[in-house]
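Chains, contacts and geometry: an overview
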Amino acid sequence: MAKTGSFAVLHFSVAFSVAYLLTGDWLVGGMMALIEPMINTVAFYFHEQAWSRQAA
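This section reports on the structure supplied with the text. (Residues numbered from 1 in each chain as written. Predicted model: local features only at pLDDT ≥ 70, side-chain atom pairs only at ≥ 80, totals over all residues. Heavy atoms only, no water.)

1. As for helix 2 (residues 26-55)
The first and last C-alpha atoms of helix 2 sit 42 Å apart over 30 residues, in line with the 44 Å expected at 1.5 Å per residue. For helix 2, the secondary structure elements touched by its buried residues are helix 1 (2-23). Looking at where helix 2 begins, the residue whose side-chain oxygen comes 2.8 Å from the main-chain nitrogen of Leu27 is Asp25. (Helix = DSSP H or I, 4+ residues; strand = E, 2+ residues; numbered from the N terminus. Expected span 1.5 Å × (residues − 1). Contact = heavy atoms within 4.5 Å. Polar contact = N/O pair within 3.5 Å; in protein donor to acceptor, adjacent residues only side chain to side chain.)

Now the structure itself:
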């Protein structure tokens, strides 16, 4: 669980940093830090589904 938490903090930090550096806006950085990981999680689920079908 600690590794998962650590990765989540890292992911949010990277998403925030990239968005903030590109826009200079703290609000946009914060929104991207929340939205991007959620979308990425859904995309990963479908990626795993496709990968499982490909391997079978």
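2. Description of a nonpolar patch on the surface
Together, Phe12, Leu27, Met31, Leu34, Ile35, Met38 and Ile39 make up an exposed nonpolar region whose accessible area comes to about 700 Å². Per-element accounting of the nonpolar patch gives the leading share, six residues, to helix 2. Examined against the element boundaries, Leu27 turns out to sit in helix 2. For Leu27, a relative accessible area of 58% translates into the label exposed. (Patch = residues over 30% accessible without salt bridge, like charges linked within 9 Å, V, L, I, M, F, W, Y side chains within 5 Å. Areas by Shrake-Rupley, 256 points an atom, 1.4 Å probe, with all protein chains shown as cover. Salt bridge = Lys/Arg side-chain N within 4 Å of Asp/Glu carboxyl O. Buried < 20%, exposed > 50% of the residue type's maximum accessible area, 1.4 Å probe, protein only.)

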